[in-house]
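# Overview (structure and organization)
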Amino acid sequence: MNNKEIIENIIIKKDKKLVIFDFDGAIGKLNIDWIKSRKTAKELLKKNYNFMIEEDLRLDQIEYLVNEKFGEDILKDILKIREQFEEQGIHNSDINKDVVQLITDLNKIGTTLTVCSNNLSITIETFLRLFKLEKFFKCIVGVDNAIAPKPSIKGCEQILHKYPIDKKQILFIGDQRDIDEEVAKKMNIDYINRDRFNDFNY
């Protein structure tokens with residue numbers, strides 16, 4: 001599905017007024033050693049809290065597990081690790097030109113654009129400024145704002161609290177079906193997945 005098809009067949013035809021974007025993988029791509037980041041998180045949990053994670057989980061999955069098991073106090077320790085790695089990777093990031101065009105086209109027809117991400121809000125804001133996209137987004141909710149990583153719906157609920165519109169008029173664009181699409185299903189909103197080949201699948 002290309003940008004024109006998204007605009008004509010989903011945004012206009014289905015009367016979508018608000019789009020929630022995921023960030024890393026959907027809008028841009030951060031150049032981060034995620035393997036090292038999750039190893040660091042596991043080591044911290046083992047050393048400080050005697051909590052072992054044997055599974056090969058992504059950092060956002062570790063954050064979700066920690067939040068569910070221990071709550072936000074220990075989650076904040078893991079978010080400090082995320083901050084360290086995201087600070088290192090933000091200036092070596094990249095963006096897909098098709099996504100820039102989609103954002104521009106959505107803005108032209110008056111669609112409200114927002115972000116709900118497991119990245120930190122400061123990372124998202126810095127990235128959008130670097131690529132001169134900050135003016136297009138009305139609301140940014142990072143994992144530090146939601147204090148509950150996706151697939152928790154708390155971040156999206158913050159957006160819907162600010163923009164209380166019919167859920168039929170909302171579209172979520174993400175890149176991870178086990179996280180972003182799961183949130184969309186829980187929220188009962190439409191979803192488009194941007195896959196690793198940069199194709200949009202509705």
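Bear in mind the structure is a predicted one, so any value in this text is a computation, not a measurement.

A word on helix H1 (residues 3-12). Residues of H1 that are buried include every one of Asn3, Ile6, Ile7, Ile10 and Ile11, and no others. In an axial view of H1, the angular spread of the buried residues amounts to 120°, which keeps them on one side of the axis. Exposed and facing more than 90 degrees away from the buried side of H1 are Lys4 and Ile12. Along its buried surface, H1 packs onto strand S1 (18-21), helix H5 (97-108), strand S6 (170-174), strand S7 (190-194) and strand S8 (200-201). Of the residues flanking the start of H1, the one acting as N-cap is Asn2, its side-chain oxygen 3.2 Å from the backbone nitrogen of Lys4.

Because each turn of an α-helix spans 3.6 residues, side chains separated by three or four positions in sequence point in the same direction. Here helix H4 (residues 72-89) contains 18 residues, and its C-alpha end-to-end distance of 25 Å stays within 8% of the 26 Å for a straight helix at 1.5 Å per residue. Every buried residue belonging to H4 is among Ile74, Leu75, Asp77, Ile78, Leu79, Ile81, Arg82, Phe85, Glu86 and Gly89, and all of these are buried.

On to the pairing of S1, then. Looking along a regular strand, one sees the side chains alternate between the two faces of the sheet. The alternating pattern of S1 places Leu18 and Ile20 on one face and Val19 and Phe21 on the opposite face, and all of these are buried. The sheet contact formed by S1 and strand S4 (residues 112-116) spans four bridges and is parallel. Within S4, the position partnered with Ile20 by the bridge is Thr114.

Okay, the pairing of S4 next. Summarising burial for S4: five of the five residues are buried, a large majority. Here S4 shows no split at all, with Thr112, Thr114 and Cys116 on one side and Leu113 and Val115 on the other all buried. Taken together, the four bridges between S4 and strand S5 (residues 137-141) define a ladder with parallel strand orientation. When the sheet's bridge partners are listed, Leu113 is paired in S5 with Phe137. Once the chain exits S4 it traverses helix H6 (residues 121-130) before rejoining the sheet at S5, and the crossover so formed is right-handed.

For the coordinates displayed, the defined rule picks out five aromatic pairs. Centroid distance Phe127 to Phe131: 4.6 Å. Interplanar angle 40°. Geometry classified as tilted. Aromatic side chains Phe172 and Tyr191 sit 6.0 Å apart centroid to centroid with 40° between the ring planes, which places their arrangement in the tilted category. On the criterion of sequence distance, the pair formed by Phe172 in strand S6 and Tyr191 in strand S7 is long-range, its members being 19 residues apart. Taken together, the ring pairs connect Phe23, Phe127 and Phe131 into an aromatic cluster. Just above the ring of Phe70 sits the side chain of Lys69; from NZ or CZ to the centre is 5.9 Å.

What follows deals with unusual backbone geometry. With an omega of 20°, the peptide bond running from Lys150 to Pro151 counts as cis. Even without being a glycine, Asp15 presents a positive backbone phi close to 55°. Its location among the elements puts Asp15 in the loop between H1 and S1. Its identity is not glycine, yet Asn50 carries a phi of approximately 55°, on the positive side. Tracing the chain through its elements places Asn50 in the loop between helix H2 (34-49) and helix H3 (59-70). Of the residues examined, Asn50 reaches a relative accessible area of 67% and is grouped as exposed.

Here we take up the pattern of salt bridges. Any two side chains of opposite charge can pair if their charged atoms end up close together. Applying the stated criterion to the full structure yields twelve salt bridges. In this structure, the salt-bridge partner of Arg38 is Asp56, at a minimum N-O distance of 3.3 Å. Remark: Asp56 occurs in the loop between H2 and H3 and Arg38 occurs in helix H2; sequence separation between them is 18 residues. For Arg38, a relative accessible area of 18% gives the class buried. Among the ionic pairs, Lys150 bridges to Asp180, the shortest N-O distance being 2.7 Å. Residue Lys150 is located in the loop between helix H7 (143-146) and helix H8 (154-162), and its partner Asp180 is located in helix H9 (residues 177-187); the two are separated by 30 residues in the primary sequence. As far as burial versus exposure is concerned, Lys150 and Asp180 are alike and both buried. Within the structure, one salt-bridge network assembled from shared partners comprises Asp22, Lys150 and Asp180.

Here is what the cut-offs are and how they apply
- Residues numbered from 1 in each chain as written.
- Predicted model: local features only at pLDDT ≥ 70, side-chain atom pairs only at ≥ 80, totals over all residues.
- Heavy atoms only, no water.
- Buried < 20%, exposed > 50% of the residue type's maximum accessible area, 1.4 Å probe, protein only.
- Helix = DSSP H or I, 4+ residues; strand = E, 2+ residues; numbered from the N terminus.
- Arc of directions from axis to C-beta.
- Contact = heavy atoms within 4.5 Å.
- Polar contact = N/O pair within 3.5 Å; in protein donor to acceptor, adjacent residues only side chain to side chain.
- Expected span 1.5 Å × (residues − 1).
- Pairing = 2+ DSSP bridges.
- Right-handed = clockwise from strand over helix to strand, strands pointing away.
- Phe/Tyr/Trp six-rings, centres within 6.5 Å; stacked < 30°, edge-to-face > 60°.
- Lys NZ or Arg CZ within 6 Å of the ring centre and 35° of its normal.
- Salt bridge = Lys/Arg side-chain N within 4 Å of Asp/Glu carboxyl O.

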